[in-house]
Amino acid sequence: MVKVIFIQADGTRRTIDATPGEPLMYAAKDAQIAGIIAECGGSAMCATCHCYLIEAPNGPLPDPLIDEADTIEFNAHAPRDSSRLTCQITVTEALEGAVFAVATGR
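Residues numbered from 1 in each chain as written. Predicted model: local features only at pLDDT ≥ 70, side-chain atom pairs only at ≥ 80, totals over all residues. Heavy atoms only, no water.

S.K.: Please give an account of the pairing of strand 2 (residues 13–18) that cites residues and values.
M.R.: Here strand 1 (residues 2–7) runs beside strand 2; their pairing, made up of six bridges, is antiparallel. Residue pairing for strand 2: Val2 is matched across the bridge by Ala18. Between strand 1 and strand 2, which pair antiparallel and follow one another directly, the connecting turn spans five residues, one of which, Gly11, has a positive phi of 90°. (Pairing = 2+ DSSP bridges. Helix = DSSP H or I, 4+ residues; strand = E, 2+ residues; numbered from the N terminus.)

S.K.: Report on the packing of aromatic side chains, specifying residues and quantitative values.
M.R.: Counted by the stated rule, this structure contains one aromatic pair. For the ring pair Phe6 and Phe100, a centre distance of 5.8 Å and an interplane angle of 25° mean the geometry is stacked. Here the residue Phe6 occupies a position in strand 1, and Phe100 occupies one in strand 5 (residues 99–102), the gap between them amounting to 94 residues. An identical accessibility class is assigned to Phe6 and Phe100; each is buried. Lying over the aromatic face of Tyr52, Arg80 brings its terminal NZ or CZ to 3.7 Å of the ring centre. (Phe/Tyr/Trp six-rings, centres within 6.5 Å; stacked < 30°, edge-to-face > 60°. Buried < 20%, exposed > 50% of the residue type's maximum accessible area, 1.4 Å probe, protein only. Lys NZ or Arg CZ within 6 Å of the ring centre and 35° of its normal.)

S.K.: How would you summarise the side chain of Thr48 if you had to cite specific residues and measurements?
M.R.: Position of Thr48 relative to the elements: it lies in the loop between helix 1 (24–30) and strand 3 (50–55). From its side chain, Thr48 meets the backbone nitrogen of Ala38 in a polar contact 3.0 Å long. A polar contact of 2.8 Å, which involves the side chain of Thr48, links it to the backbone nitrogen of Glu39. (Polar contact = N/O pair within 3.5 Å; in protein donor to acceptor, adjacent residues only side chain to side chain.)

Right under this line is the structure:
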């Protein structure tokens with residue numbers, strides 16, 4: 001398992017276990033991270049799993065693919081350069097210790 005940290009809207013930091021090879025969204029949903037709704041089930045269409053990458057201690061994540069970038073641009077609330085959709089991040093060992101802040105609003 002890979003340990004990833006989420007900062008929820010109320011400031012609570014939660015460390016969760018994520019399974020390598022699966023989308024990070026699955027682990028966030030299983031851990032009931034507040035604000036990860038995932039209405040579209042992981043198809044990069046709704047941006048309800050939108051987070052901000054705060055820290056990636058093992059190096060940068062791969063750049064978002066065009067579907068993720070478009071969804072963030074057109075559907076995400078308050079997008080930033082660090083915006084990511086957790087449904088589009090595949091968990092790898094390199095994600096160990098990464099910190100994400102849950103985006104709030106819609």
